[in-house]
Structures are given as C-alpha cells and as structure tokens.
Amino acid sequence: MYLTKEEERIYDGERGWTNQMCMRILVRLGELFNAAKLVRISSAHVSGVSYKTLGDAPAEFLEALANAGGNVKVRATLNPQSLDTEYLGRRLEQSLREKQSNILRQFERMGFTESLTCTPYYLKKPKRDSHLAWAESSAVVYANSVIGAWTNREGGPSALAAAIIGKTPDYGIHKPENRQPKALVTVDTALKNPTEFGALGIYLGRLLRDGIPAIQGLGNTSENCLKQLSAALASTGMVNMFHFKRKSQAKTERLEKVCVEARDIKNTVESLSTREVSKPDLVFIGCPHCSLGEIKKIALLMKDNKVNKETEFWVCTSHYIKEEAGEYVAQIEKNGGHVLAGVCTIVSWTEKLGIRTIMTNSAKTAYYAPTMNKAEVTFRPLKECLTTALRG
Ligand code: F3S
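Now for a look at the structure at hand. (Residues numbered from 1 in each chain as written. Predicted model: local features only at pLDDT ≥ 70, side-chain atom pairs only at ≥ 80, totals over all residues. Heavy atoms only, no water.)

1. With respect to the pattern of salt bridges
Then, in step 1: In the structure shown here, the tally under the stated rule is 17 salt bridges.
Then, in step 2: In this structure, the salt-bridge partner of Glu93 is Lys352, at a minimum N-O distance of 4.0 Å. Taken together, the residues span a long stretch of sequence, with Glu93 in the loop between helix H5 (88-91) and helix H6 (94-109) and Lys352 in the loop between strand S11 (338-341) and strand S12 (357-360) at a distance of 259 residues.
Then, in step 3: Taking the relative accessible area as the measure of exposure, Glu93 reaches 40% and is therefore partly exposed.
Then, in step 4: With a relative accessible area of 44%, Lys352 lands in the partly exposed category. (Salt bridge = Lys/Arg side-chain N within 4 Å of Asp/Glu carboxyl O. Helix = DSSP H or I, 4+ residues; strand = E, 2+ residues; numbered from the N terminus. Buried < 20%, exposed > 50% of the residue type's maximum accessible area, 1.4 Å probe, protein only.)

Structure follows, in structure tokens:
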C-alpha cells in the first residue's frame, strides 16, 4: 500500500507509539483488502464503548493509548454506553459504574466527543460524498444510503485508529465501483409503518448477505422508516448500503430480481417475536436512538396517560436530542416514562434489573435482545407498544 512520507514516518514510530500503533492497524487492514492508499476522513465513529460489550482487556488498551498521548485528528464520536448516571446507574453495582466511567475518561483524554449515540448524524450531518470511518452498522448503512456519505463498516479498533490518524484505507465502499447494486428488489406491498421497514431490512439482510439492493416500491421514505430499514439490514446481513431512488431500466436490466410480498413481511414480523407477552417488563423505543420528531410523536400519543406501574417504559436517545426535546421529555417523564440519554437496552444490563420480557418497535432490538439481554421479545409497531406501556 502506498504511504506518503509523513505516513511512513508515523508507521516507523517517529510520531509516538499511539500513532504508530494506529497506523499499523490501518495499513494491515488496507493490505488485507488490497487498498492502494489511505484516504482522508471527515469523521470517525467508534462503537465499542459499553463496558458490557467491551470488557476489561480493550479498556486497558484504550488507557495505554491515552497514556501514550493519543489524540484524535478529526471529529470523533462515540456509540452508547452501558448505563446512564441518572436512572440506570443508580440501580447497577458501583463497580460497573466505575469501569464504564473509566472507559469514557480514556476516550475523553484522546479528544473524543462524548456523543454516546448510534445516530451521530442528528448531531452533525456529514456532507454528501465525504469519506467517514464509522463503526456503528446501522449508522453506516444510513450514512451511505440516505446521506450519501462513504464509509465501510469499521470494527471498533479500526474506527479508533482512523480517528487518531484522520484517514482510513481506500477500499470497499470508498470506491464507486463497489457501490453498485447487485439486486433489484421490488416491494410488492405497502409498508405500513417503520416497524415493517425494519422487517423488510431483516428479510433482505438474510437473503442478500452482502449484495447491495436497489429497492423499488418503498412508498413512504421518511427518515425514520429508512433508519429502521438501515439498522435491520445491517443486523442480518453484511450489506453496507441500499439504493432507494428509482434507477433507469438500462441500469437495472442485469441485476438479480427479488420480489418482496406481503406474506414475507408478515412472516418476518412474526419471526421476530419470541413470545407474545401482553404485560412485558419493559417497553423500549429508541433503537436506533430517537430523533426529536420521534420523541415529540411519543409525547403527543401519550397525552396525559400514565405508564402502568408494573411496566418500565424507556425512550432512548442522545443527550443532545434529549435537551432539544425538553418539553416532550418532561411530558413523557411526568407520565412515568424514562427518556434515557447515551444508553440503550442492548448494550445495558437489563437482566441485572430483572427485565425478562421486552416489547419493542425496533427490528434490530427484537433480533438481538434474545441473545444480548436473555429476554423474550414481542415485536410491535410504536402505537401498540405505547398502548401496552400505558395499559400495562
Ligand atoms: Fe443503537 Fe443500541 Fe440499537 S446502539 S442501533 S440503540 S442496539
């Protein structure tokens, strides 16, 4: 892989151990995927932030990088952590709080922005055609497909290394030829809500694995629907983007053809519930993290109805959006719900809180919660989740 003189100096250790270590990670990755060079990025987003998913050894590695003077070169944001200090932190052991806060401290020492969200594009939207090194899979698909930015699905270490070097290897979806669709998907049914968009993503991810789809017939392409589709597609497949604007017939002639029918969506929705629970321990909205519009919608749908005392109702988002949504947050919390910032169900210790059954409108959470949270899941649209939370 070609390196500039300055990149070679970093590689040889002339700019310190942290920079050398990070450059070596990037070069190794680039060589593995036949990258010709490194490309500058405008931002990096790191996914391994929760102590629950990270564990002790990577946390020690972070501390070593920070001790050796590691510092980010570009805007660098972080995924959610395992607890928030206000609500979950009070209910979990002190040792977990300490380990989690030590991880955050190391990121902060290296100049990371404590965004603690999987929707960093609500804080600052990347420019179209800009190169990124993002590691959160749902945000990767959204950034490539909806925003029009360019990012591979990084692992935690490569996103961290890219943040510190300010560059990433030029391979995969950074190359225009690798962004072309492999399959033409026609959705032959009207998707009724974001939850069904999530089901479509789960279905296509299983079917296409890493083949990029050009999807026709989506109808409503609101940001929220496309966000659910992005998160779900990345859960079951290695797809890093989809196209959803109509392509000319000539461009689609040679593509594999896939037709998605109403029964495919119905079967997928049903497959994502492990048990039909009418009184779940937790009703969870906010995977991926909620936008301001979603929080407003939840508050308006709740009106003055109270959450049933036997049910927890969590709405997860970033600190930034929580602050923006002040009046709606106050209304949800006045009614007994909890708007949790910087955290999510999947990366938190719900088992330790006694949560065994979860109802959610998110296909990604429905897909992961049985293994990540050892919970039974009921997958339902937002309105039904709310009715359940309020009725108990
Ligand atoms: Fe975000 Fe957690 Fe879902 S990190 S995408 S809310 S699993």
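2. Quick word on the side chain of His243
Then, in step 1: In this structure, His243 sits in the loop between helix H10 (223-236) and helix H11 (249-252).
Then, in step 2: Beyond its immediate sequence surroundings of up to four residues, His243 is in contact with Arg179, Gln180, Pro181, Ile212, Pro213, Ala214 and Ile215. (Contact = heavy atoms within 4.5 Å.)

3. What to know about the packing of helix H4 (residues 56-67) against H6
Then, in step 1: Two elements in contact, H4 and H6, have axes separated by 9 Å at closest approach and are oriented at 30 degrees. The pairing of H4 with H6 is recorded here as roughly parallel in orientation. Pair H4 / H6 crosses with left-handed handedness. Listed contacts from H6 to Asp56, Ala59, Leu62, Glu63, Ala66 and Asn67 of H4 are Lys99, Asn102, Ile103, Gln106, Phe107 and Arg109.
Then, in step 2: Across the contact of H4 with H6, the residue classes break down as five nonpolar, three polar and four charged. (Axes fitted to C-alpha atoms, helices over the stretch in contact; angles between N-to-C directions. Parallel < 35°, antiparallel > 145°, perpendicular 65-115°, else oblique. Left-handed = near helix turned anticlockwise from the far one by under 90°. Nonpolar A, V, L, I, M, F, W, Y, C, P; charged D, E, K, R; others polar.)

No statement about biological role is implied by the geometric values presented.
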